[in-house]
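Next come the chains, spelled out residue by residue.
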Amino acid sequence: MEMTHPETLEDSEVLAQHDHTYRRRKSNLISNTPTEAFITKVLTELPPQVLSKLPPPGKIHHLMNYVLKFEHASIYVAGRYNKYSRTLSQTPWLIDGKRKTETSVEELIGLPLKEFFQAKEMSFMSSGREDVDVRMLGNGRPFVIELKSPKLVFMASRENMAKLQQKINEDARSQLTVKYLQCVSKEQTKVIKDGEEQKTKVYRALVWTSRPLTQADVGLLNNTKELVLDQDTPIRVLHRRSLSTRQRTVHKLRATPINDKYFFLDCLTQAGTYIKEFVHGDLGRTRPSIGTLLQCEADLAYLDVMMINLDFPPKIEDQSDDAIKKDEDLPTNQ
């Protein structure tokens, strides 16, 4: 509810000139009626000699105007998504106002939901994010779409969620799939952020080395446990993140040679670990790295996220887990 009254605003402007926080408050004063607490504060703090010189209130010519706005509470839709494209960004990717990708994970999932519930706006949040050239495989990434001010609020049946999930998967044209699509409470969505530091992730990287990988190298990597990294903010994200050094833990590694120069590297890591930099070292900004461990040059051919160990949202029993990687050799928490 908004209330406006021209004469009250004019009188409050006069009082506000004597308040030391006026400049910070002015933007609110010119658009909203001042609160009773603000007026009381100013009147209480003004000395009597100043109050006596203030002009009397003007004549009242207008009634108080009330504007009432009714909006339904947000609806929260959760699920997990798998991303199979290496040219699909998680959120709209714009540089200088120009799109770098045709669409995004957020739009492919969120726009059908926004249209169905006739929501005014939508907001996308997920358990971390993958780079545009990284696939999200395995058990998928948990996400939540907040649908703000929806008009259709009694349409979140299990049947409708199943139809929406099918539509999203068909329209995405093999770029991504979603599963376990369901409505959740606002309280339930807190697990997305609350579990940010505690959760672990499994990655699979295809790694190139400047010399052939030996059995001793494989043994060294496979026996590495609880490796603590010092990671300076990567060069590739310095333009949007402040410079700092973070410690992240690599819990387990598994190396699988392919040929003399390439091998698969499976990593179980703490959330927030920069895997690309862990492989190539980022010009010495990640310490140690695969290159320093093997004492050779190492670089990344491609990277996939294989698993995110966060139990959200609840599984839906009649939905298949076929997309989940069934590989007993992948590093796990056990």
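Draft legend 1. Broad picture of the overall build of the chain. For the chain, the count of helices and strands is 10 helices and 14 strands. By the burial criterion, 44% of the 334 residues in the chain qualify as buried. Total accessible area on the chain is roughly 18,900 Å²; 53% of this is exposed by carbon and sulfur atoms.

Draft legend 2. Spatial organisation of the packing of aromatic side chains. As enumerated under the stated definition, the model contains 3 aromatic pairs in all. Seen in terms of ring centroids, Phe-116 and Phe-117 are 5.0 Å apart; in terms of plane orientation they differ by 85°. Their pairing is edge-to-face. Classification of Phe-117 as buried rests on a relative accessible area of 0%. Taken together, a centroid distance of 6.2 Å and an interplanar angle of 15° make the contact between Phe-124 and Phe-143 stacked. Of this pair, Phe-124 sits in strand S6 (residues 121-126) while Phe-143 sits in strand S7 (residues 135-148), and the two are 19 residues apart along the sequence. Of the two residues, Phe-124 and Phe-143, neither departs from the other in class, the shared state being buried. Taken together, the aromatic side chains of Tyr-81, Phe-124 and Phe-143 make up a single cluster linked through ring pairs. When the ring centre of Tyr-180 is taken as reference, the NZ or CZ atom of Lys-179 above it lies at 6.0 Å. Directly above the ring of Phe-264 sits Arg-204, whose terminal nitrogen or CZ lies 5.6 Å from the centroid.

Draft legend 3. Representation of helix H6 (residues 158-171) in the model. For H6, which comprises 14 residues, the first-to-last C-alpha distance of 20 Å matches the rise-based estimate of 20 Å (1.5 Å per residue) to within 8%. Taken together, the buried positions of H6 are Asn-160, Met-161, Leu-164, Gln-165 and Ile-168. For H6, the buried positions fall inside an angular range of 140° around the axis, keeping them on one side. Away from the buried face of H6 by more than 90 degrees, exposed residues Glu-159 and Glu-170 are located. Those residues of H6 that are buried are in contact with strand S3 (75-83), helix H5 (105-117) and strand S8 (176-184). With its phi angle positive at about 50°, Arg-173 sits one or two positions after the end of H6.

Draft legend 4. Spotlight on the environment of Arg-204. With respect to the helices, strands and loops of the structure, Arg-204 is situated in strand S9 (residues 200-209). A relative accessible area of 13% means that Arg-204 is categorised as buried. It is 8.5 Å that separates the C-alpha atoms of Arg-204 and Tyr-302, two residues lying 98 residues apart in sequence. A polar contact of 2.6 Å, which involves the side chain of Arg-204, links it to the side chain of Asp-266.

Draft legend 5. Region of interest: the confidence of the model for the chain. When pLDDT is averaged along the chain, the result is 87; 88% of the residues meet or exceed 70. pLDDT under 50 marks residues 22-31. Its contacts with residues more than four places away, or in other chains, come to 13 contacts. Below pLDDT 50 for its whole length, residues 322-328 participates in 13 contacts with residues either more than four positions away or in separate chains.

Draft legend 6. Up close: the pairing of strand S12 (residues 262-270). The buried fraction of S12 amounts to 7 of the 9 residues, a majority that puts the element mostly inside the structure. Pairing of S9 with S12 involves 9 bridges; the strand directions are antiparallel. Counted as the bridge partner of Leu-206 is Phe-264 from S12. Pairing of strand S11 (residues 245-257) with S12, which is carried by 7 bridges, proceeds in the antiparallel orientation. By the bridge assignment for S12, Ala-255 is matched with Leu-265.

Draft legend 7. The pattern of salt bridges, seen in detail. The tally for this structure, following the rule as stated, stands at 17 salt bridges. Two residues, Asp-131 and Lys-276, come together in a salt bridge whose shortest N-O distance is 2.9 Å. Of this pair, Asp-131 sits in the loop between S6 and S7 while Lys-276 sits in helix H9 (residues 275-280), placing them 145 residues apart in sequence. For Asp-131, a relative accessible area of 25% gives the class partly exposed. Across the pair Glu-159 and Lys-163 runs a salt bridge, and its minimum N-O distance is 3.4 Å. Of this pair, Glu-159 and Lys-163 both sit in helix H6, separated by 4 residues, roughly a single helical turn. For Glu-159, a relative accessible area of 53% translates into the label exposed. Linked by salt bridges that have partners in common, Asp-131, Asp-133, Arg-236, Lys-276 and Glu-277 make up one network.

Rules behind the numbers
Residues numbered from 1 in each chain as written. Predicted model: local features only at pLDDT ≥ 70, side-chain atom pairs only at ≥ 80, totals over all residues. Heavy atoms only, no water. Helix = DSSP H or I, 4+ residues; strand = E, 2+ residues; numbered from the N terminus. Buried < 20%, exposed > 50% of the residue type's maximum accessible area, 1.4 Å probe, protein only. Areas by Shrake-Rupley, 256 points an atom, 1.4 Å probe, with all protein chains shown as cover. Phe/Tyr/Trp six-rings, centres within 6.5 Å; stacked < 30°, edge-to-face > 60°. Lys NZ or Arg CZ within 6 Å of the ring centre and 35° of its normal. Expected span 1.5 Å × (residues − 1). Arc of directions from axis to C-beta. Contact = heavy atoms within 4.5 Å. Polar contact = N/O pair within 3.5 Å; in protein donor to acceptor, adjacent residues only side chain to side chain. pLDDT = per-residue confidence, 0-100. Pairing = 2+ DSSP bridges. Salt bridge = Lys/Arg side-chain N within 4 Å of Asp/Glu carboxyl O.

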